[in-house]
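As a plain string of letters, each chain reads:
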Amino acid sequence: VGALPFFLPMLWLRYPGPLPLHFWGLLVFVGFCHLGGGILLVRALSSSDLSLCIPMGAFTPVFLLFTAPILTGDLPSTAGIFGALFVFLGSYLLNLPEMKDGIFAPFRALFREPGVRIMLFLAFLWSITCCVDRIAVKRYDLIFWGSAEVTFISLLFLPVLFFNYSFSPVPDRSQVGRLFLIGALNAASFWGYLGALLYAPVYYVICVKRLSILFSILLGRFVFHEVGLGDRLLGGLFMLTGVAIISLYG
């Protein structure tokens with residue numbers, strides 16, 4: 001909702017006229033996926049460490065090895081499968097100290113985290129929505145599609161916003177400032193993401209996007225004082241390597 005002021009003018013200026021049913025189908029599908037995904041993302045981050053949750057996003061390109069062939073007809077290569085193994089190994093290393101309780105203990109410790117389980121589901125969901133976004137930006141005007149997508153998602157979130165018990169109908173000036181800043185950052189990142197999908201294969205885009213793994217691990221340690229920096233950084237590097245192998249050779 002905070003990003004909406006940055007998209008509404010473009011929606012008006014780039015409106016192409018009557019739109020086909022295909023457009024509305026893609027918009028409704030992606031909108032409801034992002035509505036559920038946004039709510040689940042907040043729940044994941046509020047229940048588990050940032051440095052454990054965000055690395056699970058590395059499984060998006062792994063899931064793309066299965067979803068992209070269905071949606072685009074692209075089949076995974078041997079290198080893509082090898083990259084998926086790197087991501088799998090990296091997830092193991094995130095909880096390496098737990099190995100003292102058995103070889104499978106790091107996985108058990110990881111999946112005990114509710115936020116991790118949610119993020120794995122979101123990684124699968126994102127592997128579908130990024131393919132749909134790529135189809136849409138190649139078939140329709142990039143700016144209009146992005147504006148329509150964010151506007152529709154914002155409309156879906158409005159009931160969530162107004163029915164939330166902690167929502168204040170008259171936010172103070174500091175809340176408005178934070179909302180504006182978050183909205184501006186979301187708008188900038190979303191435009192960059194859609195622009196990248198227009199010019200590059202989805203695997204390459206997701207590879208660069210997953211650099212957030214390393215940033216999130218560092219922010220988790222130095223901003224939120226989360227423990228286990230060394231193991232989580234090592235696991236994140238393995239996961240990022242796997243994403244790069246999938247993106248460049250898969």
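For the structure itself, look to the data block above.
This report concerns the structure included in the present document. What you see is a predicted model, and the numbers here were worked out from it, not measured in a lab. (Residues numbered from 1 in each chain as written. Predicted model: local features only at pLDDT ≥ 70, side-chain atom pairs only at ≥ 80, totals over all residues. Heavy atoms only, no water.)

Focus on the overall build of the protein chain
As a reminder of what qualifies: A run of H or I in DSSP becomes a helix once it reaches four residues, and a run of E becomes a strand once it reaches two; helices and strands are each numbered from the N terminus. Contact definition: two residues touch when any of their heavy atoms are within 4.5 Å. Calculation of accessible area relied on Shrake-Rupley with a 1.4 Å probe; when residues are assessed, cover is drawn exclusively from the protein chains displayed.
What the protein chain contains, in helices and strands, is twelve helices and zero strands. Across the protein chain, helices and strands are ordered from the amino to the carboxyl terminus as α-α-α-α-α-α-α-α-α-α-α-α. The contacts in the protein chain between residues at least 6 apart in sequence include a share of 82% that link residues at least 24 apart. Accessible surface, the protein chain as shown: approximately 13,300 Å² in total, 74% of it carbon and sulfur.

Let's talk about helix α8 (residues 142-163)
Note the threshold: Every helix has an expected span of 1.5 Å times one less than the residues it contains. Here the bend at each residue means the angle between axes fitted to two seven-residue stretches, the one ending at that residue and the one beginning there. For this analysis, a polar contact is any N or O atom pair within 3.5 Å, provided that within protein one partner can donate a hydrogen and the other can accept it, and provided that sequence-adjacent residues contribute only side-chain to side-chain pairs.
With 22 residues, α8 ought to run about 32 Å at 1.5 Å a step, and its terminal C-alpha atoms sit 33 Å apart, in line with that. Where α8 bends most, the angle comes to about 35°, and this point is F157, followed within four residues by the proline P159. Capping of α8 at its N-terminal end is provided by D141; its side-chain oxygen lies 3.3 Å from the backbone amide nitrogen of I143.

Some words on the packing of aromatic side chains
Using the following cut-off: Centres within 6.5 Å are what make two rings of Phe, Tyr or Trp a pair, Trp counting through its six-membered ring; a difference in plane orientation under 30 degrees is then read as stacked, over 60 as edge-to-face, and the rest as tilted. Each residue gets one of three labels from its accessible area relative to the maximum for its type: buried under 20%, exposed over 50%, partly exposed in between, using a 1.4 Å probe on protein chains only.
Counting across every chain of the model gives eleven aromatic pairs. Here F23 and Y140 contribute two aromatic rings whose centre-to-centre distance is 5.2 Å and whose plane-to-plane angle is 85°, an arrangement assigned as edge-to-face. Of this pair, F23 sits in helix α2 (residues 21-47) while Y140 is found in the loop between α7 (114-139) and α8, placing the two residues 117 residues apart along the sequence. Note on Y140: relative accessible area 15%, which makes it buried. Ring centres 5.5 Å apart and planes at 85° place the aromatic pair F23 and W145 in the edge-to-face group. Separated by 122 residues along the polypeptide, F23 in helix α2 and W145 in helix α8 bring together distant segments of the chain. Of the residues examined, W145 reaches a relative accessible area of 0% and is grouped as buried. The structure contains a cluster of three or more aromatic residues connected by ring pairs, namely Y15, F23, W24, Y140, F144 and W145.

Structural notes on a nonpolar patch on the surface
Stated precisely, the cut-off is as follows: A residue counts toward a patch only above 30% relative accessible area and without a salt bridge, and it is joined to like-charged neighbours within 9 Å or, for Val, Leu, Ile, Met, Phe, Trp and Tyr, to nonpolar neighbours within 5 Å. Any Lys or Arg side-chain nitrogen located within 4 Å of an Asp or Glu carboxyl oxygen qualifies as a salt bridge.
A surface patch of nonpolar side chains, amounting to about 800 Å² of accessible area, comprises V208, L211, F215, L218, L219, F222, V223 and F224. With four residues, the single largest contributor to the nonpolar patch is helix α11 (residues 212-222). Assignment of secondary structure puts F215 in helix α11. F215 sits in the exposed class, given a relative accessible area of 54%.

Quick word on the pattern of salt bridges
In total, this model carries one salt bridge according to the counting rule given. Of the charged contacts, one joins D141 and R14 as a salt bridge, the two residues approaching to 2.7 Å between their closest N and O atoms. With D141 in the loop between α7 and α8 and R14 in the loop between α1 (8-13) and α2, the pair connects residues that are 127 residues apart, well separated along the chain. Here D141 falls in the partly exposed class, since its relative accessible area comes to 30%.

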